[in-house]
2 protein chains.
Amino acid sequence: MSLIGGLAELADVLEEGSVLTDRDVIAAYRHDWARDPAAGWPTAVVRARSTGDVQAVMRWAADRRVPVVVRGAGTGLSGGATAADGGIVLSVERLRGVRVDPVTRTATAGAGVLNVEVKRAAAEHALWYPPDPSSFESSSIGGNVATNAGGLCCVKYGVTTDYVLGMEVVLADGTALRLGGPRVKDVAGLSLIKLFTGSEGLLGIITEVTVRLVPLPPPSATLVGTFASVDAAAAAVVAVTSAVRPSMLELLDRVSVNAVEDALRMNLDRAAEALIIARSDAPGVAAREEVAAMERICREAGATETFATTDPDEGEMFAAARREVLPALERRGSILLEDVGVSVPRLPALVRGIESIADRYRTVIAVIAHAGDGNTHPVIVFDPRDAEAAGRARLAFTAIMELALELDGTITGEHGVGRMKRQWLPAYLGEDAMDLTRRIKHALDPQWLLNPGVMMLPQ
Amino acid sequence: MSLIGGLAELADVLEEGSVLTDRDVIAAYRHDWARDPAAGWPTAVVRARSTGDVQAVMRWAADRRVPVVVRGAGTGLSGGATAADGGIVLSVERLRGVRVDPVTRTATAGAGVLNVEVKRAAAEHALWYPPDPSSFESSSIGGNVATNAGGLCCVKYGVTTDYVLGMEVVLADGTALRLGGPRVKDVAGLSLIKLFTGSEGLLGIITEVTVRLVPLPPPSATLVGTFASVDAAAAAVVAVTSAVRPSMLELLDRVSVNAVEDALRMNLDRAAEALIIARSDAPGVAAREEVAAMERICREAGATETFATTDPDEGEMFAAARREVLPALERRGSILLEDVGVSVPRLPALVRGIESIADRYRTVIAVIAHAGDGNTHPVIVFDPRDAEAAGRARLAFTAIMELALELDGTITGEHGVGRMKRQWLPAYLGEDAMDLTRRIKHALDPQWLLNPGVMMLPQ
């Protein structure tokens, strides 16, 4: 394979096989899970094996003003790893290796290590890395940090940024920096680690991270509550989170309940407007007590049925039901996965508004929600062979974001802005915050080489 | 009172009495608790009554290139609110008012509201704002956010940045921005709120904050453990934090134990090298169980004596003993309060090194530590009437920071860099991270008007 022009110079300083230009390889690296139809055709894919490789790519790219899109496991849902025409896709999937230090209760991992691999390495020392995006078995820790990934347990344990203690990051000019380390409390200097966390690859390329671990939690007790109205369910969520700290608090709307019931035949109430699945991992008998308290609260809020269990298998069955919603819907057609958030009391208005949007655009929309955080995932289901239906699905996607903005909510709770939501960011942040964002981007990447088009258009 | 030159123009746009130039008023606003001897004499103190006032001050200052030092309650310990010669001290103490929204579990407070006032307002709704710097009764929430303040409960509940959901901030050019709001999960855009949190007034002036609240925790159970060696105590801390999540885990060294014993006569073991005070606020009987587990761990690690109690008054007595260390030492002389952090396994090396430093500089140094976080507060006690002793105390202060750096620790765990630790920041962060810091500062405050001299010298 002969490499044109400057690419050969880059290949020369990297290990053989690092620079890939075959069209089918490139095709596989053009998209993340958002499958942005506007993805470009990059000149090459570079699979870095070390921070030094990443530095070499950035020095090379900075000299030639070549755009670089960084990519972890490619599981992003917002088009944050959408390739740029004529640019480089820089994959960090080969930045591997995870070390756990049980004494400082930290794990240090290459950006390409999967979230589940960090969890497993921690578990060998009876420790736990809490953040649990639904993609935890396939998404990389580098991508999790770059997007500040959330998950199901954040209602009690917080999101990715709450666990990042240190990182190695390569700037647009190829400088490599080490920030932080295995120190839980540290206020020396600006919060640079927090700034890079969630920056979606705009400010630098994260090559290694050090995360905080906590003791493995005790087994959970589980509560399921069925509600005739979303309003009653939302009232229960508010009351529950004011009284105890559940380790999971999920809500399924009627469409989701029916999708699960179709798939698993669990005898769920198909007429229910909302189902709540809540867990407590409080130590000892406290888990049972917390679940009992949540059960009382749900009944007072009008639950038509509740079921509590301390049996791990039974509890797992309901957690599995929650996880089944997406696969069950995917069997019905293509999906567009939304990620809007509102304050919990506005959940009913959001769910009803989404019902109207589904009617207006003649499309199926299921709502699953990390209800304790007000973070919802409306799932728009459509027939991919029907271009007109796909168009209506995209209009519904936009309408949901606009509804979230009307309800003083966020356009993205955990998936990120990427390219898919770029257009709505100014409406959410306001022009002054956008200007501040551009000033910080410009200060760190004056040539706008990193992830061009993510969050905003290059200036 | 006649105001010279441009000051009159500023006074004209603010409410009467907002611009103060009396020498005794200025003298009271020149320092924070660090009492930096290099503090300048400002031209005026401005007490803002609104975000609009803060904007007016910044527009006026930007036009005339006048430095502005922002000040909350003035309880900072690192000289972050040290006045600049010829500048303005901008006090936010009159930005008052706190509103709690129990439904979104948030409190929104003016920057001048005290931490304790936020806690009290939350408690009226059975909610809790966890961050608890020792100064919580006198420090402002704005200052807490600007310094990313820590405290005793962070070992379980995290630091200030973990609770800030939104803020209003005025930039150096007078632009006012609203960032975030009562939404727990939000990844739309760069982590600007996290960047301003802990920025020590360098990037903007925080005028209002929205913080996340959690349910009030149940009553705590308490454990006290006495250790013949700091090594054994540190081993106990590592083992405890690997197994359970205490809500407080403090360590007192021998000097501290003796200072408390002198003051309170509690029958503490004066020969002990370390005393650990640990608490659990797990729900129901779990608190007692967690304390029992911690007691077993401490005994296995070699505790010579342990005492566990679920009696709130007894527990409070030991928490009070911890709080008594500083006042007891202050009665003996002037103090310099250090704030270095190391990973927990390095606590013994730090404590022994500090003993050597105390010997070398013939000064008394007590160590109290938020041991679960590895964050220590060496307290250097000296006779203020003895200039030579004061000089030795300052040398010891420096030597402790250098020791922390040798042990791969941080120069400040929770008090901030301010002016007092500016000189050591490059050694800790490295030149590349300092350069990044300067680029961000320059992007947000191109005239370097805000808090000049904090963290670094103006460029």
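Use the structure listed above.
Residues numbered from 1 in each chain as written. Chains lettered and ligands numbered in written order. Predicted model: local features only at pLDDT ≥ 70, side-chain atom pairs only at ≥ 80, totals over all residues. Heavy atoms only, no water.

**Q** Looking at this structure, how should I read the overall build of chain A?
**A** Scanning chain A from terminus to terminus reveals 15 helices and 18 strands. Its C-alpha atoms give chain A a radius of gyration of 23 Å, within 12% of the compact-globule value 23 Å for 459 residues. The 459 residues of chain A split such that 64% are buried. Once local pairs closer than 6 in sequence are excluded, the contacts in chain A between residues at least 24 apart make up 69%. (Helix = DSSP H or I, 4+ residues; strand = E, 2+ residues; numbered from the N terminus. Rg over C-alpha atoms; globule rule 2.2 N^0.38 Å. Buried < 20%, exposed > 50% of the residue type's maximum accessible area, 1.4 Å probe, protein only. Contact = heavy atoms within 4.5 Å.)

**Q** Looking at this model, I keep getting lost on the interface of chain B and chain A. Mind explaining?
**A** Frequently, the measure chosen for interface size is the accessible area removed from exposure when the parts meet. With 83 residues of chain B in contact, the opposing surface of chain A contributes 84 residues. Summing the contributions of chain B and of chain A, the shared interface buries around 6200 Å²; its carbon and sulfur component is 62%. In terms of surface lost to chain A, no three residues of chain B exceed Lys185, Val187 and Leu190 of chain B, which account for 14% of the buried area on that side. Among the ionic pairs, Lys185 of chain B bridges to Asp373 of chain A, the shortest N-O distance being 3.8 Å. Linking chain B to chain A there are 26 residue pairs in polar contact (both at pLDDT 80 or more). Top contributing element to the side of chain B that touches chain A by residue count: helix H15 (residues 431-444) of chain B, with 8 residues. Taken together, the residues of the side of chain B that touches chain A sort by class into 41 nonpolar, 26 polar and 16 charged. (Buried area = accessible area lost by both parts, 1.4 Å probe. Salt bridge = Lys/Arg side-chain N within 4 Å of Asp/Glu carboxyl O. Polar contact = N/O pair within 3.5 Å; in protein donor to acceptor, adjacent residues only side chain to side chain. Nonpolar A, V, L, I, M, F, W, Y, C, P; charged D, E, K, R; others polar.)

**Q** How do you make sense of the pairing of strand E6 (residues 106-110) of chain A when you look at a structure like this?
**A** If a strand is regular, its side chains alternate between the two faces of the sheet. Residue and element names in this part refer to chain A. Counted residue by residue, E6 has 5 buried out of 5 residues, so it is predominantly covered. The side-chain alternation of E6 yields two buried faces, one formed by Thr106, Thr108 and Gly110 and the other by Ala107 and Ala109. In terms of strand pairing, strand E5 (residues 98-101) meets E6 through 4 bridges, oriented antiparallel. Its bridge partner being in E6, Asp101 is matched across the sheet by Thr106. The antiparallel hairpin formed by E5 and E6 contains 4 residues in its connecting segment, where Arg105 sits at a positive phi of about 50°. Bridge count for E6 against strand E10 (residues 205-212) is 5 bridges, and the pairing is antiparallel. The residue of E10 that forms the bridge with Ala107 is Val211. (Pairing = 2+ DSSP bridges.)

**Q** Help me understand the sheet that holds strand E18 (residues 375-382) of chain A, please; the structure alone is not making it clear to me.
**A** Sheets are built from strands that pair by backbone hydrogen bonding, the pairs being arranged parallel or antiparallel. Residues and elements named next belong to chain A. Pairing within the open sheet is antiparallel, and its 7 strands lie in the order E15-E12-E14-E13-E17-E18-E16. Bordering the open sheet on either side are strand E15 (303-309) and strand E16 (334-337), each of which pairs with just one other strand. Within this sheet the neighbouring strands show an average axis-to-axis angle of 15°, counted without direction. Sheet topology places strand E12 (residues 221-227) next to strand E14 (residues 274-280); 7 bridges connect them, and they run antiparallel. Looking across to E14, one finds that Gly225 is bridged to Ile276. Its contacts with the sheet put helix H8 (residues 230-243) on E12, strand E13 (248-253) and E14, and the angle it makes with E14 is roughly 15°. Against the sheet, helix H12 (residues 347-360) engages strand E17 (364-370) and E18, with an angle of about 165° to E17. (Axes fitted to C-alpha atoms, helices over the stretch in contact; angles between N-to-C directions.)

**Q** Please clarify how the relation of the copies chain B and chain A should be interpreted in this entry.
**A** Two copies of a chain can be linked by a rotation about an axis combined with a shift along that same axis. Between the two copies, chain B and chain A, the superposition gives an RMSD of 0.0 Å; the rotation angle is 180° and the shift along the axis is 0.0 Å. This pairing of chains is accounted for by a two-fold axis. Here 100% of the interface residues in chain B have copies in chain A that are interface residues too; the copies meet face to matching face. (Least-squares fit on C-alpha atoms with pLDDT ≥ 70 in both.)

**Q** Can you walk me through the packing of aromatic side chains in this structure?
**A** The description of an aromatic ring pair rests on the distance of the ring centres and on the angle between the ring planes. Within the structure shown, the criterion is met by 6 aromatic pairs over all chains. Measuring from ring centre to ring centre gives 6.1 Å for Tyr129 of chain A and Tyr163 of chain A, while their planes differ by 80°; the resulting arrangement is edge-to-face. Taken together, the residues span a long stretch of sequence, with Tyr129 of chain A in the loop between strand E7 (127-128) and helix H5 (141-147) and Tyr163 of chain A in the loop between helix H6 (154-157) and strand E8 (164-170) at a distance of 34 residues. Classification of Tyr163 of chain A as buried rests on a relative accessible area of 2%. Taken together, a centroid distance of 5.8 Å and an interplanar angle of 45° make the contact between Phe307 of chain B and Phe318 of chain B tilted. Of this pair, Phe307 of chain B sits in strand E15 (residues 303-309) while Phe318 of chain B is found in helix H11 (residues 312-330), placing the two residues 11 residues apart along the sequence. Phe318 of chain B gets classed as buried once you look at its relative accessible area, which sits at 9%. Over the ring of Trp448 of chain A we find Lys441 of chain A; its NZ or CZ atom is 5.5 Å from the centre of that ring. Residue placement shows Arg30 of chain B over the ring face of Trp41 of chain B; its charged tip is 4.2 Å from the ring centre. (Phe/Tyr/Trp six-rings, centres within 6.5 Å; stacked < 30°, edge-to-face > 60°. Lys NZ or Arg CZ within 6 Å of the ring centre and 35° of its normal.)

**Q** What is the right way to look at unusual backbone geometry in this model?
**A** Excluding glycine, residues mostly carry a negative phi; peptide bonds, for their part, are mostly trans. All names here are of chain B. At Asn267, a residue that is not glycine, the phi angle is positive and equals roughly 70°. According to the relative accessible area criterion, Asn267 is exposed, its value standing at 73%. Of note, the phi angle at Arg362 is positive, near 40°, even though the residue is not glycine. Mapped onto the secondary structure, Arg362 falls in the loop between helix H12 (347-360) and strand E17 (364-370). Taking the relative accessible area as the measure of exposure, Arg362 reaches 59% and is therefore exposed.

**Q** What is the right way to read the side chain of Arg30 of chain B from this model?
**A** Residues and elements named next belong to chain B. By the element assignment, Arg30 lies in the loop between helix H2 (23-29) and strand E2 (44-47). Lacking a salt bridge, the buried Arg30 has Asp85 as its closest oppositely charged neighbour, with an N-O distance of 6.7 Å. Within the structure, the side chain of Arg30 is placed 2.8 Å from the backbone oxygen of Gly40, a separation counted as a polar contact. When residues no more than four places from it in sequence are discounted, the contact partners of Arg30 are Ala39, Gly40, Trp41, Pro42, Ala81, Thr82 and Ala83. (Lys, Arg positive; Asp, Glu negative; His and termini not counted.)

**Q** In this structure, what is going on with the sheet that holds strand E13 (residues 248-253) of chain B? I would like to understand it.
**A** Residues and elements named next belong to chain B. Spatially, 7 strands are ordered E15-E12-E14-E13-E17-E18-E16 in an open sheet, and the strand pairing comes out antiparallel. At either end of the open sheet lies a strand with only one pairing partner, and these are E15 and strand E16 (334-337). Averaged over all pairs of adjacent strands, the angle between their axes in this sheet comes to 15°, without regard to strand direction. Alignment of E13 against strand E14 (residues 274-280), held across 6 bridges, turns out to be antiparallel. Counterpart to Leu249 in the pairing with E14 is Ala278. Sheet contacts for helix H9 (residues 254-264): E13, E14 and E17; angle to E13, the most-contacted strand, approximately 90°.

**Q** I would appreciate a short explanation of the state of the cysteines in the present structure.
**A** Note: disulfide means a covalent bond formed between the sulfur atoms of two cysteine side chains. Scanning the model with the defined rule gives 0 disulfides over all chains in all. Cys154 of chain A takes part in no disulfide bond, and the closest cysteine sulfur to it belongs to Cys153 of chain A, at a distance of 6.0 Å. On the basis of relative accessibility, which here comes to 6%, the residue Cys154 of chain A falls in the buried class. Take Cys298 of chain B: it sits in no disulfide, and the sulfur closest to it among the cysteines is that of Cys154 of chain B, at 20 Å. Under the relative-accessibility criterion, Cys298 of chain B is labelled buried at 2%. (Disulfide = S-S within 2.5 Å.)

**Q** Help me understand the packing of helix H1 (residues 6-13) of chain B against helix H3 (residues 51-64) of chain B, please; the structure alone is not making it clear to me.
**A** Two quantities define a packed helix pair, namely the angle between the helix axes and the distance between the axes. Residues and elements named next belong to chain B. Two numbers describe how H1 lies on H3: the axes approach to 10 Å, and their chain directions differ by 160°. With respect to each other, H1 and H3 are oriented roughly antiparallel. In this structure, H1 meets H3 at a crossing whose hand is right-handed. Contacts between H1 and H3 involve Gly6, Leu7, Glu9, Leu10 and Val13 from the first element and Ala56, Val57, Trp60 and Arg64 from the second. Taken together, the residues of the contact of H1 with H3 sort by class into 6 nonpolar, 1 polar and 2 charged. (Parallel < 35°, antiparallel > 145°, perpendicular 65-115°, else oblique. Left-handed = near helix turned anticlockwise from the far one by under 90°.)

**Q** Mind showing me how you'd approach helix H4 (residues 115-123) of chain B here?
**A** Along an α-helix, a turn takes 3.6 residues, which lines up residues three or four apart on a common side. Taken together, the buried positions of H4 of chain B are Asn115, Val116, Val118, Lys119, Ala121 and Ala122 of chain B. The elements touched by buried residues of H4 of chain B are strand E5 (98-101), strand E6 (106-110), strand E7 (127-128), helix H5 (141-147) and strand E10 (205-212) of chain B.

**Q** For this particular structure, what's the right way to read the nonpolar core?
**A** Generally speaking, a soluble globular protein has its nonpolar side chains buried in company with each other. Ranked by internal contacts, the top residues of the largest apolar core, which has 202 residues, are Met167 of chain A together with Met167 of chain B. Dropping the residues within four chain positions of it, Met167 of chain A is found in contact with Val145, Leu177, Arg178, Leu179, Ile193, Phe196, Thr197, Ile206, Glu208 and Val209 of chain A. (Core = buried A, V, L, I, M, F, W, Y, C linked by side-chain atoms within 4.5 Å.)

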